[in-house]
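Fold and contact review
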Amino acid sequence: MKEFFTFVAIALCVLFASCTNMPENVTKTDSLPPIFPDYTDVTIPVGIAPLNFNVMGHVDCVDVVVKGSKTGELHVNGEWASFDLDEWHELVSANRGGKLTLTVCAKIDGKWIGYKDFDIYVSKYELDEWGLTYRRIAPGYEIHSQMGIYQRDLSTFGEFSIIDNSETYGMCVNCHASNRTNPDKFVFHVRGDHGTTLIQMSDRRELLKAKNDRLGGSMVYPYWHPSGKYCAFSTNQTRQGFHVSDQNRIEVFDLSSDVFVYDPVKREIISDSLISTKDWSENCPVFSPDGKKLYFITCFQQSYPMHYKDEKYNLCSIDFDPKTAIFGDRVDTLFNAVAKGKSLTWPKPSYDGRFIMFTLLDYGYFSIWHKESEQWILDLKTGESRPVNEINSNEADSYHNWNTNSRWIVFTSRRANGLYSQLFLASIDEKGKATKPFLLPQENPQKYYEETLYSFNTPDFTKVKVHFDSSAAIREIEGDQRVATKVR
């Protein structure tokens, strides 16, 4: 036994020594280091968690020196590049508007390799939000397996559950939304035996009946009016189908859908014949930043599932008077995706009112399962639109949201492996030009993303940490008490 402990102690000393010695006799290469995630030439905000990374391959040790273009320097040495939280924040803050230059060496088979330096740019734009919210879900189609709505502190690696279906059997939680990133007004939908739409407004929480007979479906895809007085929803008769052989695994389509506005104080559904039609499917409503327009997508109703590839949506708008809750008398088409042979989904206006970002795909609106889906941006000032090639990839790029100063976006992408959707952030300037996106930082990225077999979707920024009594909410969800809604 004594010999065993001696062997372990020696082994640990050798391991420790192998990852703490300084590079010597370094062989230089003109290649960039093979790091995961790819953080070369990305732009980050002040306050972001350390961009730790792994050097891929059979690496004995990693040595990294980070120099600020204005001031400061960091040095780390270990199994992967793991930066001290406080030192990282101090260095990034001191180089706002400048850049960090990283020198990476890796010890491979006892020899040190020195790679080409690369830069990380520090944006002048603030990212004022505390963190992100998102749904984390295990891959699956039919069964509500483990999933939940989570939040992440962007300045650290802290992740916290808001509500998780492991607390109650068979619950599917989705379609969460806060008002302009402020969780004082928060809503999400619950599917299953105890289905409901849960609305939390400051200290008051209500569970609405899952369906209103006059609507013909549930209240999903919410988006708050900037005043907080209303929340727009869609009501959908959703179905899904599976491919036997196709690059896309699944199709999601609606037998019917309409959009409407809900008044949570009066518990009143406000609809209109122009946005609730028999022959057209209206979907994905969002308010303009001034609250005077309702944007939504619409397509001519097809015969499903036979003609699912003919399901193509355009982006439209209708005026809305916040004082009277009365809609305008006409619907305008803002982007004709059908004319391009495409379909448009998930329109999200920037909070400064300048842009609308949306996802374009070949057909349908459930873009997260479409390999060809990509992000586009519409300039409401000039009327010009274009694909945001700076952030698009060869895999599905989908759900997205803006931060409140309209200089940062978060979106999902399957670019890492084609299977799991992950969260990426990028900056967008006043002209709509985006920077190279970066994967949400993790303490040990390779370990986290290889072992956490979940997809991330419907991300949004959150101004502050969400305080939500999930235990009380679960008890209410499992109960039978629901608030009825009425149609005006």
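For the structure, see preceding data.
Residues numbered from 1 in each chain as written. Predicted model: local features only at pLDDT ≥ 70, side-chain atom pairs only at ≥ 80, totals over all residues. Heavy atoms only, no water.

The secondary structure content of the protein amounts to 4 helices and 36 strands. Within the span of the protein, comprising 488 residues, buried residues form 54% of the whole. (Helix = DSSP H or I, 4+ residues; strand = E, 2+ residues; numbered from the N terminus. Buried < 20%, exposed > 50% of the residue type's maximum accessible area, 1.4 Å probe, protein only.)

A few words on unusual backbone geometry. Note the cis peptide between Phe36 and Pro37, where omega equals -5 degrees. Of note, Cys175 is a non-glycine position whose phi angle comes to about 55 degrees, a positive value. The topology assignment puts Cys175 in strand β13 (residues 172-179). Although it is not a glycine, Arg180 adopts a positive phi angle of roughly 55 degrees.

A few words on the sheet that holds strand β16 (residues 204-209). Spatial strand order, β13-β14-β15-β16: 4 strands in an open sheet with antiparallel pairing. At either end of the open sheet lies a strand with only one pairing partner, and these are β13 and β16. The sheet shows a mean angle of 15 degrees between the axes of neighbouring strands, taken without regard to direction. In this sheet, β16 lies alongside strand β15 (residues 196-201) in antiparallel orientation, the contact comprising 6 bridges. Bridge assignment links Leu198 to a residue of β16, and that residue is Leu207. (Pairing = 2+ DSSP bridges. Axes fitted to C-alpha atoms, helices over the stretch in contact; angles between N-to-C directions.)

We now examine the packing of aromatic side chains. Applying the stated criterion to the full structure yields 27 aromatic pairs. Seen in terms of ring centroids, Phe287 and Phe320 are 5.5 Å apart; in terms of plane orientation they differ by 55 degrees. Their pairing is tilted. Linking Phe287 in strand β23 (residues 280-287) with Phe320 in strand β25 (residues 314-321), this pair joins segments that are 33 residues apart in sequence. Phe287 gets classed as buried once you look at its relative accessible area, which sits at 1%. Look at Phe320 and Phe327: their rings are 5.2 Å apart centre to centre, the planes differ by 55 degrees, and that puts the pair in the tilted class. Phe320 sits in the buried class, given a relative accessible area of 3%. Put simply, the rings of Tyr221, Tyr313, Trp346, Tyr365, Phe366 and Tyr399 pair up and form one aromatic cluster. The residue whose ring lies beneath Arg136 is Tyr150, and the NZ or CZ to ring-centre distance is 4.1 Å. (Phe/Tyr/Trp six-rings, centres within 6.5 Å; stacked < 30°, edge-to-face > 60°. Lys NZ or Arg CZ within 6 Å of the ring centre and 35° of its normal.)

With 97 residues, the main nonpolar core has Phe53, Val64 and Phe83 as its most contacted residues. When sequence neighbours within four positions are dropped, the list of residues in contact with Val64 reads Phe53, Leu74, His75, Val76, Ala81, Phe83, Leu102, Thr103 and Val104. If you look at the next biggest cluster of nonpolar residues, it comprises 18 residues, including Ile162, Cys172, Phe186 and Val190. (Core = buried A, V, L, I, M, F, W, Y, C linked by side-chain atoms within 4.5 Å. Contact = heavy atoms within 4.5 Å.)

Okay, the sheet that holds strand β32 (residues 408-413) next. Spatially, 4 strands are ordered β31-β32-β33-β34 in an open sheet, and the strand pairing comes out antiparallel. At either margin of the open sheet sits one strand with a lone partner, and together these are β31 (397-402) and β34 (438-439). Inspection of the sheet shows β32 paired to strand β33 (residues 422-427) by 6 bridges, in the antiparallel sense. Counterpart to Ser413 in the pairing with β33 is Gln422.

Quick look at the environment of Leu360 now. Inspection of the secondary structure assignment puts Leu360 in strand β28 (residues 355-361). Given a relative accessible area of 4%, Leu360 falls into the buried group. The sequence separation of Leu360 and Glu372 amounts to 12 residues, and the corresponding C-alpha distance is 8.3 Å. Once residues within four sequence positions are removed from consideration, Leu360 is found in contact with Phe335, Ala337, Lys342, Ser343, Leu344, Glu372, Ser373, Glu374 and Trp376.

Our next topic: the pairing of strand β14 (residues 182-191). Sheet analysis places β13 next to β14, joined by 6 bridges and oriented antiparallel. Bridging across to β14, Cys172 finds its partner in Arg191. Counted along the chain from β13 to the antiparallel partner β14, the turn is 2 residues long, and its residue Arg180 has a positive phi close to 55 degrees. Bridge analysis of β14 against β15 gives 6 bridges, and the strand direction is antiparallel. In the strand pairing of β15, Phe186 is matched with Gln200. Hairpin connection between β14 and β15: a loop of 4 residues separates the two successive antiparallel strands, and Gly192 in this loop has a positive phi of roughly 120 degrees.

Next up on the list: the side chain of Ser178. By the element assignment, Ser178 lies in strand β13. Those residues in contact with Ser178, other than ones at most four positions away along the chain, are Pro183, Lys185, Phe186, Trp224, Asp460 and Phe461.

Here we come to the pattern of salt bridges. Between side chains of opposite charge, a pair can form as their charged atoms come close. Per the stated rule, a full pass over the model turns up 16 salt bridges. A salt bridge links Asp332 to Arg330, with the shortest nitrogen-to-oxygen separation between them at 3.1 Å. With relative accessibility at 24%, the residue Asp332 sits in the partly exposed group. Taking the shortest distance from any N to any O, the salt bridge between Arg354 and Asp379 comes out at 2.8 Å. (Salt bridge = Lys/Arg side-chain N within 4 Å of Asp/Glu carboxyl O.)

Okay, the environment of Asp184 next. Positionally, Asp184 belongs in strand β14. Here Asp184 falls in the partly exposed class, since its relative accessible area comes to 42%. Here the alpha-carbon distance between Asp184 and Ser202, two residues 18 residues apart in the chain, equals 4.8 Å.

A contiguous patch of negative charge on the surface is contributed by Asp84, Asp86, Glu87 and Glu90. Along the polypeptide, Asp86 turns up in helix α2 (residues 85-94). (Patch = residues over 30% accessible without salt bridge, like charges linked within 9 Å, V, L, I, M, F, W, Y side chains within 5 Å. Areas by Shrake-Rupley, 256 points an atom, 1.4 Å probe, with all protein chains shown as cover. Lys, Arg positive; Asp, Glu negative; His and termini not counted. Charge placed at Lys NZ, Arg CZ, Asp CG, Glu CD.)

Bringing α2 into the picture now. The set of residues buried in α2 consists of Trp88, His89, Leu91 and Val92. Taken end-on, α2 shows its buried residues confined to a sector of 165 degrees, consistent with a single buried face. Exposed and oriented more than 90 degrees from the buried face of α2 are Asp86 and Glu90. Buried-residue contacts for α2 involve β3 (43-44), β5 (61-68), β6 (73-78), β7 (99-108) and β9 (118-122). (Arc of directions from axis to C-beta.)

The values reported here are purely geometric and, on their own, carry no functional implication.
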